[in-house]
Amino acid sequence: MKKITLFTFAIVALSLASCKKDRTCSCTYTQSWTTVNSGSNTDITDSDSGTSSGAGTFVITKAKKSIARPNCLSTKTTDTDVDYLGTNSEITTTTTTENDCKLN
C-alpha cells in the first residue's frame, strides 16, 4: 500500500512540474516607408518609397513556455515624421515596421 501511495505522489509531482529549457524565438521583419512633399510649395517634388526585410532569432534560456511566449511577440508599428525645409515646404515620411515572431 505504501508503494502505491508513494508511486501516486511521484506521478502527480512529475505531471505538475513544468519543463524549463532553452526556447528559440524566430522573427521576420518587414519595413516599408514613403516620403512625400506635404507642404504647399509645389516646386519641391521630393518623394521616395521602399521596403526592406530580414530575419533573426534569439534564445530565451531556461524558461517555461508560459514565460517565454510573452517575450516572443509579433508587433506592427507606424511612425510619421515631418521635416520642415523652410516656408511652405515640409517632407512627411511614414514608416511601417512589422515583426512576425514564433516561439519554437
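In this report, we go over the structure that sits alongside the text. (Residues numbered from 1 in each chain as written. Predicted model: local features only at pLDDT ≥ 70, side-chain atom pairs only at ≥ 80, totals over all residues. Heavy atoms only, no water.)

1. Side note on the overall build of the chain
- The secondary structure content of the chain amounts to 2 helices and 4 strands.
- Listed by position from the N terminus, the elements making up the chain come as α-β-β-α-β-β.
- Of all 104 residues assigned to the chain, the portion counted as buried reaches 14%.
- Put simply, 66% of the contacts in the chain that link residues at least 6 apart link residues at least 24 apart.
- For the chain, the accessible area works out to roughly 7900 Å², and carbon and sulfur atoms hold 55% of it. (Helix = DSSP H or I, 4+ residues; strand = E, 2+ residues; numbered from the N terminus. Buried < 20%, exposed > 50% of the residue type's maximum accessible area, 1.4 Å probe, protein only. Contact = heavy atoms within 4.5 Å. Areas by Shrake-Rupley, 256 points an atom, 1.4 Å probe, with all protein chains shown as cover.)

2. Some points on unusual backbone geometry
- Here the phi dihedral of lysine 62 falls at roughly 45°; this positive angle occurs in a residue that is not glycine.
- When its relative accessible area of 68% is taken as the criterion, lysine 62 is described as exposed.

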